[in-house]
Amino acid sequence: MTIVGVTKGHAVEIVRKARALGLRHLGESRIQEATDKYGFSEFLNDPERPTLHLIGHLQSNKARKAVHLFDSIDSLDSVHLGETLDRLAAEQDKTLRVLIQVNTSGEAQKSGCETEQALELVEAVKSMSHLELRGLMTIGPLEGDEKATRRSFELLREIRERVAREANFPQLAELSMGMSGDFEWAIEEGATEIRLGTVLWGPREEYD
Ligand SMILES: *Cc1c(COP(=O)(O)O)cnc(C)c1O
């Protein structure tokens, strides 16, 4: 089980705290905020540093910065964005780990591809040579009870199994699902990565 410590909404001191805790994976949602915290060569060139995950929606015009800063883009949600990331990763001589974000709750304000688009997206991304497609990501319903939340996680697991079979791509190992309010259910539904902010360091203060 991988824990991604989500440092968004906290001032830069959080980086020291997170590293002192020994977390090997850290997540941020926005490029500017992430650059303020992690965009320094002392951090980026440190061989011991944690893996950085982008967990928020990425606009193509910020993709160059994202490729420079992050090791993993966990919110890939369109073929177009995949093509942009693949080209920029090639330019920066880098292989970028990616997860495809799927909107399993059907909530309209949520980013992520529709469940019916997941297969097509996997088919496209699996052949992009500078992207290493590792799995799927989802955010549980914002207003969900236990049943609806578990259902959205179960759906992600089902999509992984179906898509891995139909796209002949068994490498979709990771399921990133579960946040502070629902990680226990996510683990029971098969999460391999959970993304925790509030439960680790309390309510968010700065930036939002
Ligand atoms: C903010 C955020 C988290 C962490 O949320 P908490 O409820 O504070 O644990 C996890 N995943 C995503 C995609 C987020 O935007």
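Here the structure is a predicted model, which is why all the values come from computation and not from measurement. (Residues numbered from 1 in each chain as written. Predicted model: local features only at pLDDT ≥ 70, side-chain atom pairs only at ≥ 80, totals over all residues. Heavy atoms only, no water.)

Q: Which parts of the structure should I look at to understand the overall build of the chain?
A: Across its full length, the chain carries 9 helices and 8 strands. Against the compact-globule benchmark of 17 Å for 208 residues, the chain has a radius of gyration of 16 Å, which places it among compact chains. Considering the chain as a whole, with its 208 residues, one finds that 52% of them fall into the buried category. Pairs at least 24 residues apart make up 63% of the contacts formed inside the chain by residues separated by at least 6 positions. Summing over all exposed atoms, the chain offers an accessible surface of approximately 9900 Å²; the carbon and sulfur share of this is 48%. (Helix = DSSP H or I, 4+ residues; strand = E, 2+ residues; numbered from the N terminus. Rg over C-alpha atoms; globule rule 2.2 N^0.38 Å. Buried < 20%, exposed > 50% of the residue type's maximum accessible area, 1.4 Å probe, protein only. Contact = heavy atoms within 4.5 Å. Areas by Shrake-Rupley, 256 points an atom, 1.4 Å probe, with all protein chains shown as cover.)

Q: Quick question: what am I supposed to make of the packing of aromatic side chains here?
A: Per the counting criterion, the structure on display carries 1 aromatic pair. Ring plane angle 50° and centroid distance 5.0 Å describe the contact between tyrosine 38 and phenylalanine 43, whose orientation is recorded as tilted. Overall, the relative accessible area of 8% leaves phenylalanine 43 in the buried class. (Phe/Tyr/Trp six-rings, centres within 6.5 Å; stacked < 30°, edge-to-face > 60°.)

Q: Teacher, can you tell me more about the pairing of strand β3 (residues 51–54) here?
A: Looking along a regular strand, one sees the side chains alternate between the two faces of the sheet. As judged from the 4 bridges shared by strand β2 (residues 25–28) and β3, these two strands associate in the parallel manner. Residue pairing across strands places glutamate 28 opposite leucine 54, the latter belonging to β3. (Pairing = 2+ DSSP bridges.)

Q: How should the side chain of arginine 49 be read in this particular structure?
A: Relative to the elements of secondary structure, arginine 49 occurs in the loop between α3 (41–44) and β3. Overall, the relative accessible area of 15% leaves arginine 49 in the buried class. A polar contact is formed between the side chain of arginine 49 and the backbone oxygen of leucine 44, at a distance of 3.0 Å. (Polar contact = N/O pair within 3.5 Å; in protein donor to acceptor, adjacent residues only side chain to side chain.)

Q: Quick question: what am I supposed to make of a nonpolar patch on the surface here?
A: The grouping of Met1, Ile3, Ile187, Val199 and Leu200 at the surface amounts to a nonpolar patch, some 410 Å² of accessible area in total. Looking at where valine 199 falls in the secondary structure, it is placed in helix α9 (residues 198–201). Owing to a relative accessible area of 46%, valine 199 belongs among the partly exposed residues under this scheme. (Patch = residues over 30% accessible without salt bridge, like charges linked within 9 Å, V, L, I, M, F, W, Y side chains within 5 Å. Salt bridge = Lys/Arg side-chain N within 4 Å of Asp/Glu carboxyl O.)

Q: Looking at this structure, I do not really get unusual backbone geometry. What am I missing?
A: Among all residues save glycine, negative phi is the norm, and among peptide bonds the norm is trans. Of note, the phi angle at aspartate 93 is positive, near 55°, even though the residue is not glycine. With respect to the element layout, aspartate 93 can be found in the loop between α5 (79–91) and β5 (96–101). A relative accessible area of 71% means that aspartate 93 is categorised as exposed.

Q: Would you mind going over the nonpolar core with me for this structure?
A: Side chains of a nonpolar character, in soluble globular proteins, are inclined to be buried together. Phe70, Leu85, Ile100 and Val125 are the most contacted members of the largest nonpolar core, which has 53 residues in total. Ignoring anything within four residues of it in the chain, the contact list for valine 125 reads Leu76, Val98, Ile100, Leu131 and Leu133. (Core = buried A, V, L, I, M, F, W, Y, C linked by side-chain atoms within 4.5 Å.)

Q: Could you clarify how one ought to interpret helix α6 (residues 118–125) in this entry?
A: Given 3.6 residues to a turn, an α-helix orients residues that are three or four positions apart in the same direction. Listed as buried for α6 are Ala118, Leu121, Val122 and Val125. For α6, the angular spread of the buried residues around the axis is 100°, confining them to a single face. The inward-facing, buried residues of α6 abut β4 (72–76), α5, β5, β6 (131–137) and α7 (146–166). (Arc of directions from axis to C-beta.)

Q: What exactly am I supposed to notice about the pattern of salt bridges here?
A: Any two side chains of opposite charge can pair, so long as their charged atoms come close to each other. One pass over the full model with this rule turns up 17 salt bridges. Of the charged contacts, one joins arginine 49 and aspartate 71 as a salt bridge, the two residues approaching to 3.0 Å between their closest N and O atoms. With a gap of 22 residues between them, arginine 49 in the loop between α3 and β3 and aspartate 71 in the loop between α4 (63–69) and β4 connect regions that are remote in the sequence. Across the pair glutamate 189 and arginine 157 runs a salt bridge whose closest N-O atoms are separated by 3.3 Å. A residue pair is termed long-range when its members are at least 10 positions apart, and glutamate 189 in the loop between α8 (183–188) and β8 (193–196) and arginine 157 in helix α7 qualify at 32 residues. Take glutamate 189: its relative accessible area is 12%, and that puts it in the buried class. Assessed through its relative accessible area of 24%, arginine 157 is described here as partly exposed.

Q: Please clarify how the site of the ligand should be interpreted in this entry.
A: In the neighbourhood of the ligand, the contacting residues comprise Val6, Lys8, Ser29, Ile55, Ile139, Met179, Ser180, Arg195, Leu196, Gly197, Thr198 and Arg204. Between glycine 197 and the ligand, the recorded distance is 2.8 Å, taken from a backbone N or O atom to an oxygen atom. When the ligand sits alone it has 390 Å² of accessible area, and the protein chains cover 90% of it. Per-class residue counts for the shell around the ligand are 5 nonpolar, 4 polar and 3 charged. (Near = heavy atom within 4 Å. Nonpolar A, V, L, I, M, F, W, Y, C, P; charged D, E, K, R; others polar.)

Q: Explain α7 here, please?
A: Look at α7: 30 Å from first C-alpha to last across 21 residues, which is about the 30 Å you get at 1.5 Å a residue. Burial in α7 covers these residues: Thr149, Arg150, Ser152, Phe153, Leu156, Ile159, Arg160, Val163 and Ala164. Summarising the contacts, the buried residues of α7 are in contact with α6, β6, β7 (174–176) and α8. Just downstream of α7 lies asparagine 168, where phi reads positive at about 50°. (Expected span 1.5 Å × (residues − 1).)

None of this, on its own, says anything about what the molecule does.
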